Amino acid sequence: MASARNPLLGSSHVKYSKLSRRSSLQDDHIPLMSMGPSSDFADGNEFEISVTPTKRKFCSCCSVLWNGFKSCFVRKTVLRSRTILIGHIDIEEKYPPNICNQKYNIITFVPGVLYNQFKFFLNLYFLIMACSQFIPSLKIGFLYTYWAPLGFVLSVTLIREAYDEWKRYHRDKEINSTRYKKVQSDGSSRYIASSQIKVSDVLIIEKDQRVPADLILLKSSEKNGTCFIRTDQLDGETDWKLKLAVPSTQSMDNHAAVVNCGAHVYADKPHNDIHSFIGSFTMVCRPGVIEESLSIENALWANTVVASGTAVGLVVYTGKHTRSVMNTSHPSTELIGMVDKEINFLTKILFTAVMVLSFALIAIKGFDGPWYRYMFRFVILFSYIIPISLRVNLDMGKAVYSWFIQKDASIPGTTVRCSTIPEELGRIDYVLSDKTGTLTQNEMIFKRLHIGTVAYGVDTMDEISNHLRQFYSAPKEELVDLNSTPSRNKKVKATPKIRKSSHTKTVEAVKALAICHNVTPVYECDSDSSPQLESKVYQASSPDEIALVKWTELVGLTLYKRDLNSMQLMLPNQEVANYSMLQIFPFTSESKRMGIIVKEESSGEIIFYMKGADTVMAKIVEFNDWLSEECDNMAREGLRTLVVGKRILTQDVYYDFERRYLQAKLSLTDRALKVTAVIETLERDLELLCVTGVEDQLQIDVRPTLEMLGNAGIRVWMLTGDKLETAMCIAKSSCLVSRDQDIHVFEQVMSRTETHLELNAFRRRAPDTALIIRGSSLDICLQYYAIEFVELACQCPAVVVCRCSPTQKAQIVTLLRNHTGKRICAVGDGGNDVSMIQAADCGLGIVGKEGKQASLAADFSVTQFCHIGPLLMVHGRNSYKRSASLSQFIIHRGLIISVMQAVFSSIFYFSSVPLYQGYLMVGYTTIFTMFPVFSLVLDQDVSPSVALRFPELYHELHKGRSLSLKTFLLWVLISVYQGGAIMYGALLLFDTEFIHAVSISFTSLIFTELLMVALTIRTWHWLMLACEGISLAIYFAALAVLKEYFDPAFLVSVDYVWRVVVITSISCLPLAIIKYLKKRLSPPMYSKLD
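Quick summary incoming for the structure in this document.

Cut-offs and rules
Residues numbered from 1 in each chain as written. Predicted model: local features only at pLDDT ≥ 70, side-chain atom pairs only at ≥ 80, totals over all residues. Heavy atoms only, no water. Helix = DSSP H or I, 4+ residues; strand = E, 2+ residues; numbered from the N terminus. Buried < 20%, exposed > 50% of the residue type's maximum accessible area, 1.4 Å probe, protein only. Contact = heavy atoms within 4.5 Å. Areas by Shrake-Rupley, 256 points an atom, 1.4 Å probe, with all protein chains shown as cover. Pairing = 2+ DSSP bridges. Expected span 1.5 Å × (residues − 1). Salt bridge = Lys/Arg side-chain N within 4 Å of Asp/Glu carboxyl O. Phe/Tyr/Trp six-rings, centres within 6.5 Å; stacked < 30°, edge-to-face > 60°. Core = buried A, V, L, I, M, F, W, Y, C linked by side-chain atoms within 4.5 Å. Axes fitted to C-alpha atoms, helices over the stretch in contact; angles between N-to-C directions. Parallel < 35°, antiparallel > 145°, perpendicular 65-115°, else oblique. Nonpolar A, V, L, I, M, F, W, Y, C, P; charged D, E, K, R; others polar. Patch = residues over 30% accessible without salt bridge, like charges linked within 9 Å, V, L, I, M, F, W, Y side chains within 5 Å. Lys, Arg positive; Asp, Glu negative; His and termini not counted. Charge placed at Lys NZ, Arg CZ, Asp CG, Glu CD.

### Structural notes on the overall build of the protein
Then, in step 1: Summing up its helical and strand segments, the protein has 38 helices and 33 strands in all.
Then, in step 2: Relative to its full complement of 1090 residues, the protein shows a buried share of 55%.
Then, in step 3: Sequence-distant contacts, at least 24 apart, represent 74% of the contacts inside the protein between residues at least 6 apart.
Then, in step 4: Element-wise, carbon and sulfur atoms account for 58% of the exposed surface of the protein, whose accessible area totals about 48,100 Å².

Okay, structure coming up:
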């Protein structure tokens, strides 16, 4: 849809330039604020947007090779329409199997993981360094000093990815092993796994069972061939959708007749539009050929749920051809966090420093002999400037962060499904959230009834029940027993208008709410004669409708039965009132109202009821002075309002309307306009009965969580498939849009000119105004003014997109990320949110009423929306700051020993001889310093309670100061100073034996590293002290064991001790003093809070 017209949405990282049409239309560009010539363009006139990569990928040849490797094993398929013979498999056609969420397969796993690792400059650099040790003239030390760290890094990565992929495999296996009934040719049924379902199979789907593939409804257990389904996993709407069986197969007696009918079903080619389907049903029988058209009303899409009865369906699409999968983006194989990218950039700077330093030493030494060989040996000697242990420690740190998240008692049930990007939680700028089931519990509760003179709230509902009992306590003419036969020929006498009491108004209002709806009661028992009220379940296309009918039942007026033509109400006195439904006018987003014409069987009275949005109904009902004020009051409380009215029709008026209405429905031209015009003749001067207020209950602590995110500098966008009015109501009730905040509702636009004018109107209000826009209007904006719209929307404090399809959600995420370069977090709970979750930098899935599909596809799974607060403010912040501190300290550890190597080489005639060899080098980066350095993953600057109480601390992370070029250069200066101080001090203080210089300098280096860890720690943990003690014990043990590197006699002398103490003090004491003075004179924000 939008992605086909807008190339902007298809790129992962783009830099935008001005919109331009193709060469024939280059001069037709209209500046946003100017009003030049404009025209409406056909869908075929695509726009081109010149894009420039924001960052060149290192080693693009590897990317080309990898894509070529994948193309050898992945065959591109062409989607075509299909004709299916019911119950017979076409062996010539190859249709895809069912759903798979795996990133790799058995062939691409190892090459894919290696590619994703070696496209990082750090790993590729060490691979080259390790391979160079096979060349004798370049060999510096032992092979294991280079290959062991690299092998360990790759092993850890392969094991972690294999474990994640294994979990995905088992999740898919669990889904694909779900068993369904398949109808055999003899009419019997057998169970088959979901993965065995093929196109042309006829399946039996029971109530509350999920549809495993895209089906055409052939037969329903309901006599009229109807079936209700829930589509919450597909489009996010919890409204039950009515589906119709194919009339020819619905009339068949049994399942065997359906399978053996010999009919063909034509289905158009697979696509991702969940609101359209084109097909036909053809069956040859004795009278001739029966051909019926098929539409969306006959289709059951995969991942929907049968809500009533039993459905028999023909499989037309499976696997990746289903609408559900085609609206789901594929899992990314490139889960790279911003910290990883920043560290990759720093390693390139370090590599440049290695090359410059090596060239400088060769230049000073002179370009004599094989200088290029000496220069490469220097590059290998200084390779520890880029520490391979950096990747190992960061990966292990991510595993620790993930463990902390899953063990946090304040967010129980949280699961980390992707352990490679926990630091991303600390860099989020935008949160894009679904509404239904994410911000709300999807439970509608009736809260308010206002009849003009009296308002009823939750505490006064018992008064309404009393009014109803009193009104129906005396026998009335219109009340009849269930088995009575009412008269149908009574005339309606005109009576003069009299002023009604509040008692009567209340009864009429409740009666209108009990009649004017599309709710159907369904009973679990099979008997039609004596249904039990306790086993009743309401079906409807809207949860609002169900909330109203449940409330009328609560106060005493119960919907007892309903079919296509009649309705029965159970009265408070246990009698039943019968009504014939003459006409129903369903709710549409354009009309914003629904109506029904009923005939009361006992009196013959014909009544037209209507309810709808206050903006529409205010023009339809009689003049009043309280409607607007009360609707505004309810809206401020976050309630969803409906205005209810009625009009009594005489038989002559109704018969005249019916004649004109049927005539309009048979019209072949402008049918919709003519039908609407006829209905509007009834919508005049309706008697205003009441205004209702229904609350969609929010998730626990949604308001404080959204407030916390706002204070943390995170902008929240709400993307929902619901109506504009519903979205606006929830935005207000959840405080996503504050009460004193202006709201700009982007009008419906259909052309470029309308979009241009509306954007200009929006621009004048943009900076401090919340935006609400429909998905269709957004599609037009992205087609013509993508850049301008995103720039304006990003200035808004909140954005709400309603009537948003799953594909559009993913497109918005991609567009926002590409345009702003910020980190995007997507939150959802349904299958319709999977595309958005997988397109974001960080995906959060909520386990809720809409299933676990979003939770399984997300990077992090939570049980409640309020858990996002601790997840970001505490764990995200700590993970980012810990990784920043850990990575810079490991770089410092490599830099300091490389500086010492440079000093040593420059003093000893620029020789390319290593200062420390063998086990000393391996031990320095591993057992001697590994535990204290890695213990930094336990460090924290503030407690979790402080981080939650002051979300402004999170706002600081957006600036990226914890890991920046400035902090990196500061650590470089520290490393140069300490490396120079240790090396020059050791060379000045040693006697005559060079081994003594090695002992003094190496011991001072180890002590310096341990002291620097202690100076870096902000909050001590007992494990940190243990790590420091264990490292010291290991090093002292190594001094006694590694006699070829140390002189045992010298180690126990006083000269050795005082020299080490002096050098270590010189390297660390000035830094400790500077840090203390800085903390006293310019303390950080977190220290002020504590």
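### Points about the sheet that holds strand E7 (residues 240–244)
Then, in step 1: On the basis of which strands lie adjacent, the open sheet formed by three strands has the order E7-E6-E12 and antiparallel pairing. The open sheet has two edge strands with one neighbour each: E7 and strand E12 (305–306).

### Quick look at helix H12 (residues 389–406)
Then, in step 1: For H12, built from 18 residues, the straight-helix expectation of 26 Å at 1.5 Å per residue is met to within 8% by its first-to-last C-alpha distance of 26 Å.
Then, in step 2: The buried fraction of H12 is high, at 13 of 18 residues.

### Looking at the pattern of salt bridges
Then, in step 1: For the coordinates displayed, the defined rule picks out 20 salt bridges.
Then, in step 2: Residue Lys 646 pairs with Glu 508 through a salt bridge whose shortest N-O separation is 3.8 Å. Of the two residues, Lys 646 is situated in strand E25 (residues 640–649) and Glu 508 in helix H14 (residues 502–515); the sequence distance between them amounts to 138 residues.
Then, in step 3: Residue classification places Glu 508 among the buried positions, given a relative accessible area of 16%.
Then, in step 4: Its salt-bridge partner being Arg 877, residue Asp 941 comes within 2.7 Å of it at the nearest N-O pair.

### A few points about the packing of aromatic side chains
Then, in step 1: Evaluation of the coordinates by the stated rule reveals 28 aromatic pairs.
Then, in step 2: Aromatic side chains Phe 1007 and Phe 1036 sit 6.3 Å apart centroid to centroid with 85 degrees between the ring planes, which places their arrangement in the edge-to-face category. Within this pair, whereas Phe 1007 is found in helix H34 (residues 994–1016), its partner Phe 1036 is found in helix H35 (residues 1022–1041), the two being separated by 29 residues in sequence.
Then, in step 3: Of the residues examined, Phe 1007 reaches a relative accessible area of 22% and is grouped as partly exposed.
Then, in step 4: Exposure remark for Phe 1036: the relative accessible area of 45% places this residue in the partly exposed category.
Then, in step 5: Taken together, the ring pairs in this structure connect Tyr 916, Tyr 924, Phe 928, Phe 1002, Phe 1007, Tyr 1035, Phe 1036 and Phe 1046 into an aromatic cluster.

### Brief notes about the environment of Leu 871
Then, in step 1: Within the secondary structure, Leu 871 sits in helix H28 (residues 868–907).
Then, in step 2: A residue is classified by how much of its surface remains accessible, and Leu 871, at 0% relative accessible area, is buried.
Then, in step 3: Placed 460 residues apart in sequence, Leu 871 and Ile 411 show a C-alpha to C-alpha distance of 7.9 Å.
Then, in step 4: Sequence-distant contacts of Leu 871, defined by excluding residues within four places in its chain, comprise Ile 405, Ile 411, Thr 414, Leu 425, Leu 844, Phe 860, Val 862 and Gly 876.

### Focus on the nonpolar core
Nonpolar side chains tend to gather and get buried jointly when the protein is soluble and globular.
Then, in step 1: The biggest cluster of nonpolar side chains holds 135 residues, and the ones touching the most others in it are Ile 714, Leu 844, Leu 872, Tyr 916, Phe 1002 and Phe 1046.
Then, in step 2: A per-element tally of this core places H28 first, with 18 residues.
Then, in step 3: The contact partners of Phe 1046, leaving out residues within four places of it in the chain, are Leu 920, Ile 995, Ser 999, Phe 1002, Tyr 1035, Ala 1038, Leu 1039 and Leu 1051.
Then, in step 4: Within the second largest apolar cluster, 43 residues are counted, among which are Tyr 472, Ala 509, Leu 557 and Leu 569.

### Quick word on the packing of H34 against H35
Then, in step 1: Running from N to C, H34 and H35 cross one another at 175 degrees; their axes reach a closest spacing of 11 Å. For the element pair H34 / H35, the angle class is roughly antiparallel. Here Phe 1002, Thr 1003, Ile 1006, Phe 1007, Leu 1010, Val 1013 and Ala 1014 of H34 come into contact with H35, specifically with Glu 1028, Ser 1031, Leu 1032, Tyr 1035, Phe 1036 and Leu 1039.
Then, in step 2: Residues of the contact of H34 with H35, tallied by class, amount to ten nonpolar, two polar and one charged.

### Here's the deal with the pairing of strand E1 (residues 82–85)
Then, in step 1: Only one face of E1 is buried, namely the one carrying Arg 82 and Ile 84, since none of Thr 83 and Leu 85 on the opposite face is buried.
Then, in step 2: Where E1 and strand E8 (residues 264–267) come together, four bridges link them in antiparallel fashion. Bridge pairing in E8 places Leu 85 opposite His 264.

### Here's the deal with the sheet that holds strand E32 (residues 842–846)
In a beta sheet, neighbouring strands are held together by backbone hydrogen bonds and run either parallel or antiparallel to one another.
Then, in step 1: Spatial ordering of the open sheet is given by E14-E33-E32-E31-E15-E27-E30-E29-E28, a layout of nine strands whose pairing is mixed. Only two strands of the sheet have a single neighbouring strand rather than two, namely strand E14 (415–416) and strand E28 (742–745).
Then, in step 2: Bridge analysis of E32 against strand E33 (residues 860–862) gives three bridges, and the strand direction is parallel. For Gly 845, the partnering residue across the bridge sits in E33 and is Ser 861.
Then, in step 3: On top of the sheet, helix H21 (residues 724–733) reaches strand E27 (715–719), E28, strand E29 (769–774) and strand E30 (798–802); it is set at about 150 degrees to E30, its chief contact.

### Considerations on the environment of Thr 347
Then, in step 1: With respect to the helices, strands and loops of the structure, Thr 347 is situated in helix H10 (residues 338–365).
Then, in step 2: Along the sequence, Thr 347 and Phe 121 sit 226 residues apart, while their C-alpha atoms lie 7.2 Å from each other.
Then, in step 3: Beyond its immediate chain neighbours, meaning those up to four positions away, Thr 347 contacts Phe 121, Leu 122 and Ile 386.

### Observations regarding a nonpolar patch on the surface
Then, in step 1: A contiguous nonpolar patch, built from Tyr 977, Val 1054, Trp 1058, Val 1062 and Ile 1066 and spanning about 460 Å² of accessible area, is present on the exposed surface.
Then, in step 2: Of the residues forming the nonpolar patch, the biggest block, four residues, is contributed by helix H37 (residues 1054–1081).
Then, in step 3: Locating Ile 1066 in the fold gives a position in helix H37.

### Considering a positive patch on the surface
Then, in step 1: Taken together, the side chains of Lys 959, Arg 961, Lys 966 and Lys 1078 define a basic patch exposed on the protein surface.
Then, in step 2: Within the secondary structure, Lys 1078 is located in helix H37.
Then, in step 3: The exposure class assigned to Lys 1078 is exposed, which follows from its relative accessible area of 57%.

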